[in-house]
Amino acid sequence: MSDRLHVAVDLDDVVLDFFQGNIDAMYREFGVYLSKEDVTTWDDNVVKNFPWKDYGYKSWWEWLKQRDWLWATFPAVPGAIGGLNAMRSKGHYVECVTSKPHWAEHNVWKWMGRWRPAFQSVTIVDLEHPKHEVSQADIIIDDKPETVANWVASADDRFGILFRQPWNDDAVLPEERAVRAADWHQVLHVVDIFEEVAL
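What you are looking at is a predicted structure, and each value in this text was computed from that prediction instead of being measured.

A. Molecular detail of helix α1 (residues 18-30). Here α1 spans 18 Å end to end across 13 residues, near enough to the 18 Å set by a 1.5 Å rise per residue. Within α1, the full set of buried residues consists of F18, F19, Q20, G21, N22, I23, A25, M26 and F30. Residues of α1 that are buried sit in contact with α2 (60-66).

B. Here's a closer look at the nonpolar core. V9, V15, W63, I141 and W184 are the most contacted members of the largest nonpolar core, which has 50 residues in total. The element contributing the most residues to this core is α1, with six residues. Beyond its immediate stretch of four places on either side in the chain, V9 contacts V14, V15, L84, M87, V94, E95, C96, V97, F119, I141 and W184. Core analysis: the next-biggest nonpolar cluster, separate from the first, contains six residues, V148, L162, A171 and A178 among them.

C. A look at the sheet that holds strand β6 (residues 178-181). Judged by pairing direction, the sheet is parallel, and its six strands sit side by side in the order β3-β2-β1-β4-β5-β6 without closing on themselves. At either end of the open sheet lies a strand with only one pairing partner, and these are β3 (121-125) and β6. The average undirected angle you get between the axes of adjacent strands in this sheet is 20°. Here four bridges tie strand β5 (residues 159-163) to β6, and the two strands are oriented parallel to one another. Pairing of I161 across the sheet is with V179, part of β6. Across the face of the sheet, helix α4 (residues 105-115) comes into contact with β2 (93-99) and β3 while running at roughly 155° to β3.

D. Geometry of the environment of D10. Within the element layout of this structure, D10 appears in the loop between β1 (6-9) and α1. Residues D10 and D169, spaced 159 residues apart in sequence, show a C-alpha to C-alpha distance of 18 Å. With sequence-adjacent residues up to four places away left out, D10 is seen in contact with V15, V97, T98, K131, I141, D142 and D143. Within the structure, the side chain of D10 is placed 2.8 Å from the side chain of K131, a separation counted as a polar contact.

What counts and what doesn't
In every chain, residue numbers begin from 1 and rise along the written sequence. Residues qualify for local features only when their pLDDT is at least 70, as the model is predicted, and side-chain atom pairs are given and counted only at 80 or more; totals for whole chains, interfaces and linings, by contrast, use all residues. Side-chain numbers come from the whole structure's heavy atoms, not from hydrogens or water. Labels follow the DSSP assignment, with helices taken as runs of H or I lasting at least four residues and strands as runs of E lasting at least two, numbered in each case from the N terminus. A helix is expected to span 1.5 Å multiplied by its residue count minus one. Type-normalised accessible area, obtained with a 1.4 Å probe on protein chains alone, sets the label of each residue: buried when under 20%, exposed when over 50%, and partly exposed for intermediate values. In what follows, a contact means two residues having at least one pair of non-hydrogen atoms within 4.5 Å. What is meant by a nonpolar core is a set of buried Ala, Val, Leu, Ile, Met, Phe, Trp, Tyr and Cys residues, joined one to another through side-chain atoms within 4.5 Å. Whether two strands pair comes down to DSSP finding at least two bridges between them. Between N-to-C directions, angles span 0 to 180 degrees; the directions come from axes that are lines fitted to C-alpha atoms, helices contributing only their stretch in contact. In the analysis that follows, any N or O atom pair within 3.5 Å is treated as a polar contact, provided that within protein one partner can donate a hydrogen and the other can accept it, and provided that, for residues neighboring in sequence, both atoms belong to side chains.

What follows is the structure, given as structure tokens:
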């Protein structure tokens, strides 16, 4: 490892408030307000289960694909922009590692042009490609438990931070080198601890 850590950070629901952005857009378009706290699983949730066909859409993804410009208008997760800047100012190498469907990749750049997060590099993979195979980072910060588990399992010197979202509250993490963070203040604290352990 270098003198500082290489930190991989997921974009959606860790830095970009993707799910809440969708919920807010649905409220404006359909007049229904859903709560992100009701999303207890990613695969079976109030947004995916919305009666899309009643409004002329096959699915959530079809609706969003027709409004892909919305993605770039979603807000930042509270504390994320400052948190990324804090990590970079401490000398860590900060890489965005995000999964996107091909039709949405351009929104990564639009959103970053607006918010200007302190990433030093950006890696975009398709939805089926494992993140641990595309980055050499020491730590990943992600909202998907499977990504964190696969990350720490891929090498003995890798760490994972599961960023709290309602859909991962019940997730079981590996016993070693993986922890939860409820917000960006906790993320920064955990990165400091991992740095002491790793270096």
